Amino acid sequence: METSSILIPEIELTYKPSRRLSSLPEVTEPEDAYKLFTASWARDKLEFVEQFKVMLLNNGNRLLGICQLFTGGVRRTTIDIKLVMVTAIKTSTQKMIVAHNHPGGSLLPSDADIILTHKLLRAANILDIDLLDHLILSAEGYYSFLEHGKMNRNEPFLTINE
């Protein structure tokens, strides 16, 4: 096979922050994440359609950015774990927090939310990324998987409806 006439696409990964990292918000507890997520959420979408976002953090818990990855209907959205992890890898994220909203207002996680969280934890562990929390948002407030003891990174099996 002659390679002199083949054009090979080059892939380059970079991160170009627009501000000094020390000036970026620090996320140290679920309420910090909740405030940043709600600031990034379109108010006309919070109670209308379900959306899923990823908060990307460096090793010092400084906010690198928030990425909206998925939008669904009024009852659910489909989450592709590979795209969540690609986003984290491409930004060289050390830690992340995920969030989605419940347009119906309920803050309780569904069985599907629990299963998703478990899958995200497993994928993040393999990639040596800390998934710090999964928040469910509504106009009434938020539910934190971390605050409710549901973020055990070492739990190999999942119990639904605990």
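Below: a short report on this structure. (Residues numbered from 1 in each chain as written. Predicted model: local features only at pLDDT ≥ 70, side-chain atom pairs only at ≥ 80, totals over all residues. Heavy atoms only, no water.)

**What about the packing of helix H3 (residues 81–90) against helix H4 (residues 111–126)?**
Point 1. Between H3 and H4, the least distance of the axes is 10 Å, while the angle of their chain directions is 40°. One finds that H3 runs oblique with respect to H4. For the element pair H3 and H4, the recorded crossing hand is right-handed. Here Ile81, Val84 and Met85 of H3 lie close against H4, whose contacting residues are Leu116, Lys119, Leu120, Ala123 and Ala124.
Point 2. Residue composition of the contact of H3 with H4, by class: seven nonpolar, no polar and one charged. (Axes fitted to C-alpha atoms, helices over the stretch in contact; angles between N-to-C directions. Helix = DSSP H or I, 4+ residues; strand = E, 2+ residues; numbered from the N terminus. Parallel < 35°, antiparallel > 145°, perpendicular 65-115°, else oblique. Left-handed = near helix turned anticlockwise from the far one by under 90°. Contact = heavy atoms within 4.5 Å. Nonpolar A, V, L, I, M, F, W, Y, C, P; charged D, E, K, R; others polar.)

**Concerning the nonpolar core**
Point 1. With 24 residues, the main nonpolar core has Phe52, Val54, Val84, Met85, Met96, Leu120 and Leu131 as its most contacted residues.
Point 2. For this core, the element with the most residues is H4, which contributes six residues.
Point 3. In this structure methionine 96 touches Val54, Met55, Val84, Met85, Ala88, Ala124, Ile129, Asp130, Leu131, Leu132 and Asp133, once residues within four positions along its chain are discounted.
Point 4. Val27, Phe37, Leu63 and Ala99 belong to the second-largest nonpolar core, a separate cluster that totals 14 residues. (Core = buried A, V, L, I, M, F, W, Y, C linked by side-chain atoms within 4.5 Å. Buried < 20%, exposed > 50% of the residue type's maximum accessible area, 1.4 Å probe, protein only.)

**Describing H4**
Point 1. Spanning 16 residues, H4 covers 23 Å between terminal C-alpha atoms, matching the ideal 22 Å at 1.5 Å per step.
Point 2. Those residues of H4 not exposed but buried are Asp113, Ile114, Leu116, Thr117, His118, Leu120, Leu121, Ala123 and Ala124.
Point 3. On its buried side, H4 packs onto strand S1 (51–57), H3, strand S3 (95–101) and strand S4 (130–138).
Point 4. Looking one or two places after H4, you find aspartate 128, whose phi comes out positive at around 60°. (Expected span 1.5 Å × (residues − 1).)

**Quick word on the packing of aromatic side chains**
Point 1. On inspection of all chains with the given rule, the structure shows three aromatic pairs.
Point 2. Considering the side-chain rings of tyrosine 34 and tyrosine 142, the 4.6 Å spacing of their centres and the 25° angle between planes classify their relative orientation as stacked. Highlighted residues: tyrosine 34 in helix H1 (residues 30–40) and tyrosine 142 in strand S5 (residues 141–144), separated in sequence by 108 residues.
Point 3. It is lysine 53 that lies over the ring of tryptophan 41; its NZ or CZ is 4.5 Å from the centre. (Phe/Tyr/Trp six-rings, centres within 6.5 Å; stacked < 30°, edge-to-face > 60°. Lys NZ or Arg CZ within 6 Å of the ring centre and 35° of its normal.)

**Quick look at the environment of methionine 96**
Point 1. With respect to the secondary-structure elements, methionine 96 resides in strand S3.
Point 2. Residue classification places methionine 96 among the buried residues on the basis of a relative accessible area of 0%.
Point 3. Placed 28 residues apart in sequence, methionine 96 and alanine 124 show a C-alpha to C-alpha distance of 9.1 Å.

Take it as geometry only, folks, not as evidence of what the structure does.
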